[in-house]
Amino acid sequence: MVNRNIRNKLFFVFLGISIIPIFIVTLISYNAYTSLVAKQVSLVSTGTIDNAVERIDHIFQNIDHITLSFQQFTTRPGAVTVSQELNKLINNPNADQYDFFLARTNMLFFFNNLMLGNPYLNGIYIFLPDGRSISYGISTDLKVDYSPLGDDWYERTLVKNGGLYISDADTKEFIINARPSITFSRALYDPDTRQLLGVLMLDCGLDIFKGIDKDIVPDITSMFLVNGNGKILYENSATPRIGERLPEPLNGWIAAHPGEASEETADGTLAVVKPFPDNDWKIVGSIRLPELYKQYGVSERLLIYIAVTCAVIFVLLSILLSSLITKPIIDLSKTMRKNKFLSLVTVKKNLERTDEIGVLYTEYNKMIQDIDRYIKESYQNRLITLDSQMKALEAQINSHFLYNTLESINSIAEIEEVESIAVMTKALGDMFRYSIKTESELVPIEDELAHVSNYMTIQKIRYEDKIDFRLEIEEDLPSYKVLKLIVQPIVENALYHGLESTRKKGTVAVKVFRAEERIVFEIADDGVGMSPEQLQELRALLSEPPAFSELGHRDKRSIGLKNVHSRISLYYGPEYGLSLESELHKGTRVVLNVPILD
């Protein structure tokens, strides 16, 4: 259906120009939003890891400062330094347990300050070169007769020559009531003699790392502190895997980027690795992106809701606009369907509109009116043609009677040997025979001119030698066909109105020739002619459209020029017919033109 197609097309056009931009804008906004979220997550994650590294580095610096300056601390205000206390014990080969007790008592004030100032410290242990020790702990202590000589951590500490050694996060078997912890140890040397005074060990609980994960997003971020071997020193989960190796693929990512910061995303997980500047430790942050994006899902859903709402609004607007635009066209098409039954229905609404719809309705009404007028004129022309045919039929009926009568008169004239009567009746009979021929409306030009010659033969006998008749025709024209009985009435009109009232000898000349794509009959007489008023009246009569006259009510003006002109116009078209030229006392010239028909 046309109306349905137009409405659907407009609907899809409106829908396309509204939904497609919404879809594109939503897609771009969504991608930009997710990209921004990803960038923000990366920045936040990197910042969080950097903060954790900074906090742990601060702890390392504090531990490093304590261990470096340890031997320079005084045991109590105004007393000797730790280094001097250790020298006393080393240089006294006979030092017994009491001497160690006195040294520990002298350093007790210093130990207490360190423990109170650093709550993550479990214990402070000093091991002399001979394996003896001084220990201080609140809830822990060294096992009796423990000697570090030969232990791995001890040897590694000495190898560093005063550098700081950091152990793994595990349970130290040589400590009573030990729990998983990290120890920091450093060899102490006399600043003057560079003599080894012993090894200082600080035993730190894992709460040393407390607070490094305070900036992370809970439940979706895992933070690991690993040493150079990939063992976990700290994990922020409820069940930390201290001492175990870092799980894959995190361990693989660290191995792929040794000693450098990196950031990787795979399988919905963002991993950020940050190494420490002064040791081989690393902070690893693992963020589960799908769970993180759920927290941003409100904004995403809001964006989608807005897009869907706009799409629904535009769909409704598309339906409304397509209906508003196509409704007048649909109404007009329904009206036009009624015209299939020749109802010729016009419209009354939408005519006041000044847009294209108004023009369409106005032009439709004008078209219907033109069609109505054309149909009426067509019917009228058919009636006129029927009228002409009836006239011809009436003439034929009269001609049959007259023709039979003339045949009888001609027979009598030949018997009585009256030549003039015989010639007239013979010519008149041929005329009547030509008039009643019904094979076709069209006849050869030579037959039409023979009919004119028969007519002039009769008139010459009637007027004796007062009339001269001349006929001229181009050689190739006699076989062309024209409408029957169109030349004789004009010749008859020339005789009766042009020559009959004059006393001098008159001439009627008929000339037939080709002019472009027309055949022209020129009938001229040198009779009385017409005044300008008469000529104007006759021209006005010829210019009137053909009209139907009821049977039995014949207008005398319809016989002659007017009848011929009407028949030609109706048959060939309004551009064909008669034209006149006349001058008083000089004669009249009638020009008849018809199209060329083989």
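Since the structure is predicted, the reported quantities are computational estimates derived from the model, not experimental observations.

**Details of the pattern of salt bridges**
Here's step 1: Per the stated rule, a full pass over the model turns up 10 salt bridges.
Here's step 2: One salt bridge in this structure joins Arg 156 and Asp 152, with 2.8 Å as the shortest N-O distance. Of this pair, Arg 156 and Asp 152 are both found in helix 4 (residues 152-159), four residues apart, which corresponds to roughly one turn of the helix.
Here's step 3: In this structure Arg 156 comes out as partly exposed when scored by relative accessible area, which is 44%.
Here's step 4: Two residues, Lys 172 and Asp 170, come together in a salt bridge whose shortest N-O distance is 2.7 Å.
Here's step 5: Within the structure, one salt-bridge network assembled from shared partners comprises Glu 522, Glu 581 and Arg 589.

**Observations regarding the packing of aromatic side chains**
Here's step 1: Per the stated rule, a full pass over the model turns up eight aromatic pairs.
Here's step 2: For the ring pair Phe 127 and Tyr 146, a centre distance of 6.0 Å and an interplane angle of 80° mean the geometry is edge-to-face. Linking Phe 127 in strand 1 (residues 121-127) with Tyr 146 in the loop between strand 3 (141-142) and helix 4, this pair joins segments that are 19 residues apart in sequence. Here Phe 127 matches Tyr 146 in class, with each residue buried.
Here's step 3: Taking NZ or CZ as reference, Arg 194 lies 4.6 Å from the ring centre of Tyr 189, over its face.

**Comments concerning the environment of Ile 138**
Here's step 1: Counting through the fold element by element, Ile 138 comes out in the loop between strand 2 (133-137) and strand 3.
Here's step 2: On the basis of relative accessible area, Ile 138 is assigned to the exposed category, the value being 68%.
Here's step 3: Sequence separation of Ile 138 and Met 115 is 23 residues, and the distance between their C-alpha atoms is 8.6 Å.
Here's step 4: What Ile 138 contacts, discounting residues up to four positions off in sequence, is Met 115 and Asn 122.

**Considerations on helix 3 (residues 97-117)**
Here's step 1: Taking 1.5 Å per residue, 21 residues should reach 30 Å; helix 3 reaches 29 Å between its end C-alpha atoms and fits that length.
Here's step 2: Every buried residue belonging to helix 3 is among Phe 100, Ala 103, Met 107, Phe 110, Phe 111, Leu 114 and Met 115, and all of these are buried.

**Remarks on the sheet that holds strand 13 (residues 282-288)**
Here's step 1: The strand order across the open sheet built from five strands is 10-9-13-12-11, with neighbouring strands paired in antiparallel fashion. Two strands in the sheet have a free side with no partner beyond their single neighbour: strand 10 (232-235) and strand 11 (262-266). Between one strand and the next, the sheet's axes are offset by a mean angle of 20°, whatever the strand orientation.
Here's step 2: Sheet topology note: the strand 9 (residues 221-226)/strand 13 ladder contains six bridges and is antiparallel.

**Things to note about empty space enclosed by the protein**
Here's step 1: Applying the stated criterion across every chain yields a total of one cavity of 30 Å³ or more.
Here's step 2: Considering only enclosed or pocket space, the largest cavity measures out at about 60 Å³ in volume.
Here's step 3: Lining the largest cavity we find Asn 122, Ser 139, Thr 140, Ile 175, Asn 177, Ala 178, Arg 179, Ser 181 and Asp 203.
Here's step 4: Of the residues that constitute the lining of the largest cavity, the class distribution is two nonpolar, five polar and two charged.

**Considerations on the packing of helix 2 (residues 82-91) against helix 3**
Here's step 1: It is the contact of helix 2 with helix 3, at a shortest axis distance of 10 Å, that shows an interaxial angle of 175°. Regarding the angle of helix 2 to helix 3, the classification is roughly antiparallel. For the pair helix 2 and helix 3, contact is made by Val 82, Glu 85 and Leu 89 and by Asp 99, Phe 100, Ala 103, Asn 106, Met 107 and Phe 110, respectively.
Here's step 2: In the contact of helix 2 with helix 3, the residues fall into six nonpolar, one polar and two charged.

**Comments concerning the environment of Ala 266**
Here's step 1: Turning to its location among the elements, Ala 266 is positioned in strand 11.
Here's step 2: The spacing of Ala 266 and Leu 289 is 23 residues in sequence and 9.8 Å in space, taken between C-alpha atoms.

**Some words on the confidence of the model for the protein**
Here's step 1: Predicted confidence across the protein gives a mean pLDDT of 77, with 76% of residues reaching 70 or more.
Here's step 2: Averaged over each element, pLDDT in the protein is lowest for helix 8 (residues 356-416) (64) and highest for strand 18 (residues 518-525) (95).
Here's step 3: Under a pLDDT of 50 for its full length, residues 550-558 has, in the predicted model, 13 contacts with residues more than four places off or in other chains.

**A word on the layout of surface pockets**
Here's step 1: Roughly 640 Å³ of internal volume is contained in the second largest pocket.
Here's step 2: As for the second largest pocket, its lining consists of 23 residues, and the residues nearest its centre are Tyr 165, Ile 166, Ser 167, Asp 168 and Trp 281.
Here's step 3: Breaking the lining of the second largest pocket down by element, the ones donating at least two residues are helix 1 (2-69), helix 4 and strand 4 (165-166).
Here's step 4: With four residues, the top contributor of residues to the lining of the second largest pocket is helix 1.

**Looking at the pairing of strand 20 (residues 587-595)**
Here's step 1: Where burial is concerned, most of strand 20 is hidden: eight out of the nine residues are buried.
Here's step 2: Direction of pairing for strand 18 relative to strand 20: antiparallel, over a ladder of eight bridges. Note that in strand 20 the partner of Val 520 across the bridge is Asn 593.
Here's step 3: As judged from the seven bridges shared by strand 19 (residues 577-583) and strand 20, these two strands associate in the antiparallel manner. Across the sheet, Leu 578 pairs through a bridge with Leu 592, a residue of strand 20.
Here's step 4: In this antiparallel pair of consecutive strands, strand 19 and strand 20, the connection spans three residues, and His 585 shows a positive phi of 70°.

**Overview of unusual backbone geometry**
Here's step 1: Positive phi values are uncommon outside glycine, yet Asn 177 reaches one of about 55°.
Here's step 2: Locating Asn 177 in the fold gives a position in the loop between strand 6 (175-176) and strand 7 (180-189).
Here's step 3: Exposure remark for Asn 177: the relative accessible area of 56% places this residue in the exposed category.
Here's step 4: For Arg 194, which is not glycine, the phi torsion reads 60° and is therefore positive.
Here's step 5: The exposed category is assigned to Arg 194, whose relative accessible area is 53%.

**A word on the pairing of strand 8 (residues 196-205)**
A regular strand carries its side chains on alternate faces of the sheet.
Here's step 1: In terms of burial, strand 8 is largely enclosed, as nine of its 10 residues are buried.
Here's step 2: The sheet contact formed by strand 1 and strand 8 spans six bridges and is antiparallel. Looking at strand 8, one finds that Leu 121 is bridged to Cys 204.
Here's step 3: Of the pairings in the sheet, the one linking strand 7 to strand 8 comprises nine bridges and is antiparallel in character. Residue pairing in the sheet places Ile 182 in a bridge with Cys 204 of strand 8.
Here's step 4: Here strand 7 hands over to strand 8 after six residues, with Arg 194 in that stretch at a positive phi of 60°.

**Side note on helix 2**
Here's step 1: Every buried residue belonging to helix 2 is among Val 82, Ser 83, Glu 85, Leu 86, Asn 87 and Leu 89, and all of these are buried.
Here's step 2: Against the buried residues of helix 2 lie helix 3, strand 1, strand 2, strand 7 and strand 8.

About the cut-offs
- Residues numbered from 1 in each chain as written.
- Predicted model: local features only at pLDDT ≥ 70, side-chain atom pairs only at ≥ 80, totals over all residues.
- Heavy atoms only, no water.
- Salt bridge = Lys/Arg side-chain N within 4 Å of Asp/Glu carboxyl O.
- Helix = DSSP H or I, 4+ residues; strand = E, 2+ residues; numbered from the N terminus.
- Buried < 20%, exposed > 50% of the residue type's maximum accessible area, 1.4 Å probe, protein only.
- Phe/Tyr/Trp six-rings, centres within 6.5 Å; stacked < 30°, edge-to-face > 60°.
- Lys NZ or Arg CZ within 6 Å of the ring centre and 35° of its normal.
- Contact = heavy atoms within 4.5 Å.
- Expected span 1.5 Å × (residues − 1).
- Pairing = 2+ DSSP bridges.
- Axes fitted to C-alpha atoms, helices over the stretch in contact; angles between N-to-C directions.
- 1 Å grid on protein atoms, 1.4 Å probe; cavity = no way out; pocket = protein on both sides within 12 Å on 5 of 7 lines; lining within 4 Å.
- Points joined across faces, edges and corners; volume = space filled by probe spheres on them.
- Nonpolar A, V, L, I, M, F, W, Y, C, P; charged D, E, K, R; others polar.
- Parallel < 35°, antiparallel > 145°, perpendicular 65-115°, else oblique.
- pLDDT = per-residue confidence, 0-100.

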